[in-house]
Amino acid sequence: MNFPAELKYTKDHEWIRVEGNEAVIGITDFAQRELGDIVFVDINTIGEEVAANEIFGTIEAVKTVSDLFIPVTATVLAVNEAIDASPELVNSDPYGEGWIIRIKLNNAADVDALLTADQYKEEINA
């Protein structure tokens, strides 16, 4: 499994990549493998401020639906439109074309409290 070192991770299996005062969020390679074939991503929080660890949407696989949790308090700016037409991108490229949302960070320092790649690997026993 792949866990890019430049990203931060959550115990809920999301990753975050900070880009200035914005960030991109998706689910980890581990999470997409556990879910199986992703068929739909539902994000209904565009334009809303969502508190850290709150649900910002859901992800549906063939056999299950899972909540998506935002790692830090932020405003949801955009959803990856490519995954509307091709949700399987979350499976094939979870850290690239399969990203889920772009956010505006309330406090970029909040990201420092998240897991490093090595800490996340320990969390999932990888």
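Up top is the structure these notes are about.
Residues numbered from 1 in each chain as written. Predicted model: local features only at pLDDT ≥ 70, side-chain atom pairs only at ≥ 80, totals over all residues. Heavy atoms only, no water.

1. Brief notes about the side chain of Asp29
For step 1, the next point in the chain: Tracing the chain through its elements places Asp29 in helix α1 (residues 29-35).
For step 2, the next point in the chain: Side-chain polar atoms of Asp29 contact the side chain of Gln32, separated by 2.8 Å. (Helix = DSSP H or I, 4+ residues; strand = E, 2+ residues; numbered from the N terminus. Polar contact = N/O pair within 3.5 Å; in protein donor to acceptor, adjacent residues only side chain to side chain.)

2. Some words on the sheet that holds strand β5 (residues 49-50)
Sheet strands pair by backbone hydrogen bonding; their relative direction is either parallel or antiparallel.
For step 1, the next point in the chain: Read across the sheet, six strands follow the order β1-β2-β3-β9-β8-β5 without closing on themselves; strand pairing throughout is antiparallel. Edge positions in the sheet fall to β1 (8-9) and β5, since each of these pairs with one other strand and no more.
For step 2, the next point in the chain: In this structure, strand β8 (residues 74-79) lies alongside strand β9 (residues 101-105), joined through five bridges in antiparallel fashion. For Ala78, the partnering residue across the bridge sits in β9 and is Arg102. (Pairing = 2+ DSSP bridges.)

3. A look at the side chain of Glu14
For step 1, the next point in the chain: As for its placement among the helices and strands, Glu14 is situated in strand β2 (residues 14-19).
For step 2, the next point in the chain: One buried charged residue, Glu14, remains without a salt bridge, the closest side chain of opposite sign being Lys11 at 12 Å.
For step 3, the next point in the chain: Not counting chain neighbours up to four residues away, the residues in contact with Glu14 comprise Lys8, Tyr9, Ile25, Gly26, Ile27, Thr28, Asp67, Leu68 and Phe69. (Buried < 20%, exposed > 50% of the residue type's maximum accessible area, 1.4 Å probe, protein only. Lys, Arg positive; Asp, Glu negative; His and termini not counted. Salt bridge = Lys/Arg side-chain N within 4 Å of Asp/Glu carboxyl O. Contact = heavy atoms within 4.5 Å.)

None of the figures reported here should be taken as evidence of function without further support.
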